[in-house]
Amino acid sequence: MNVRLLVGAAALLGLAACGTPTAGTATPTPVAQAKDTPVAAAVQVPAGQELVGEYRATGVQTYSCTGNAWKGLEPAATLVDKNDKPIIIHSRGPVWISAVDGSAVEATPVDGAKNDVKAAVPELLLKTKTVRGEGLFGKVSYVQRLATEGGVAPTGGCKAGAQISVLYKAIYTFFAPAN
């Protein structure tokens, strides 16, 4: 695993631990409701799901040079709640880990569920592969990457083995089966 990612994750967990003391486990405050973020038909969540969280992400998409072309390696982002409190780390897998309760979700893109965005990484619909813990991500079944900005791989050739990280922003929404 990337050392920078581990250091960043440790720093994020430290920031989360330094927040205002509360009794019990804190409940993250979602950024907004799904109605606030337009969603293309290609990345719609199937019927029978309910929104359990929507958070703003800022980070990088890292690319490595293979065969004289840039290929996606990993994301590294911090997701914040509506009070700009960092509560989720996003990394290779892709995986999202709650700094509030340690729960995690790993997801995989749904075939064909992609919406291209000019000058940005595409919007995606991802289906849960595995979850860990009973907290924030314990019941998540789908993840959407929406409202993307930046993060696009450089154009042109590159030197084998080179890496580059490109800043990006997005909104991630998390869904669980409706009760």
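Figured I'd write up the structure that's included with this text. (Residues numbered from 1 in each chain as written. Predicted model: local features only at pLDDT ≥ 70, side-chain atom pairs only at ≥ 80, totals over all residues. Heavy atoms only, no water.)

## A word on the overall build of the chain
Okay, so step 1: Across its full length, the chain holds 1 helix and 8 strands.
Okay, so step 2: Ordered by position in the sequence, the α and β elements of the chain form the string α-β-β-β-β-β-β-β-β.
Okay, so step 3: A total of 179 residues make up the chain; the buried ones form 41% of that total.
Okay, so step 4: Excluding contacts between residues fewer than 6 apart, the proportion of contacts in the chain whose partners are at least 24 apart in sequence is 63%.
Okay, so step 5: Roughly 9500 Å² of accessible area belongs to the chain as shown, and the carbon and sulfur atoms make up 57% of that amount. (Helix = DSSP H or I, 4+ residues; strand = E, 2+ residues; numbered from the N terminus. Buried < 20%, exposed > 50% of the residue type's maximum accessible area, 1.4 Å probe, protein only. Contact = heavy atoms within 4.5 Å. Areas by Shrake-Rupley, 256 points an atom, 1.4 Å probe, with all protein chains shown as cover.)

## Considerations on the pattern of salt bridges
Okay, so step 1: Taken as a whole and judged by the stated rule, the model has 4 salt bridges.
Okay, so step 2: Close ionic contact of Asp84 with Arg56 constitutes a salt bridge, the shortest N to O distance being 2.1 Å. Of this pair, Asp84 sits in the loop between β2 (69-80) and β3 (86-91) while Arg56 is found in strand β1 (residues 49-66), placing the two residues 28 residues apart along the sequence.
Okay, so step 3: For Glu74, the salt bridge is made with Arg92, and the minimal N-O distance between the two is 3.1 Å. In this pair, Glu74 is assigned in strand β2 and Arg92 in the loop between β3 and β4 (95-98), connecting sequence segments 18 residues apart.
Okay, so step 4: What makes Glu74 buried here is its relative accessible area of 5%.
Okay, so step 5: The partly exposed category is assigned to Arg92, whose relative accessible area is 45%. (Salt bridge = Lys/Arg side-chain N within 4 Å of Asp/Glu carboxyl O.)

## Side note on the nonpolar core
Looking at soluble globular proteins, one finds that nonpolar side chains tend to be buried together.
Okay, so step 1: Counting 25 residues, the largest nonpolar core has Leu79, Ile88, Trp96, Phe137, Val143, Tyr172 and Phe174 as the members making the most contacts within it.
Okay, so step 2: At 5 residues, strand β8 (residues 163-177) tops the list of elements feeding residues into this core.
Okay, so step 3: If sequence neighbours within four positions are ignored, Leu79 has contacts with Tyr55, Arg56, Ala57, Lys85, Pro86, Ile87, Ile88, His90, Trp96, Tyr172 and Phe174.
Okay, so step 4: Among the nonpolar cores identified, the runner-up in size contains 7 residues, and Val45, Ala113, Tyr142 and Leu146 belong to it. (Core = buried A, V, L, I, M, F, W, Y, C linked by side-chain atoms within 4.5 Å.)

## Digging into the pairing of β1
In regular strands, side chains alternate between the two faces of the sheet.
Okay, so step 1: Pairing of β1 with β8 involves 15 bridges; the strand directions are antiparallel. Following the sheet pairing, Glu50 is matched in β8 by Ala176.
Okay, so step 2: What sits between β1 and β2 in their antiparallel hairpin is a turn of 2 residues, with Gly67 showing a positive phi close to 60 degrees. (Pairing = 2+ DSSP bridges.)

## Some words on the packing of aromatic side chains
Okay, so step 1: Inspection of the entire model under this criterion finds 4 aromatic pairs.
Okay, so step 2: Here Trp96 and Phe174 contribute two aromatic rings whose centre-to-centre distance is 5.9 Å and whose plane-to-plane angle is 80 degrees, an arrangement assigned as edge-to-face. Here the residue Trp96 occupies a position in strand β4, and Phe174 occupies one in strand β8, the gap between them amounting to 78 residues. An identical accessibility class is assigned to Trp96 and Phe174; each is buried.
Okay, so step 3: Seen in terms of ring centroids, Phe137 and Phe174 are 4.9 Å apart; in terms of plane orientation they differ by 55 degrees. Their pairing is tilted. In this pair, Phe137 is assigned in the loop between β6 (120-132) and β7 (142-150) and Phe174 in strand β8, connecting sequence segments 37 residues apart. Residues Phe137 and Phe174 agree in their burial class; the two are buried.
Okay, so step 4: What links up through ring pairs into an aromatic cluster is the set Tyr55, Trp96, Phe137, Tyr172 and Phe174. (Phe/Tyr/Trp six-rings, centres within 6.5 Å; stacked < 30°, edge-to-face > 60°.)

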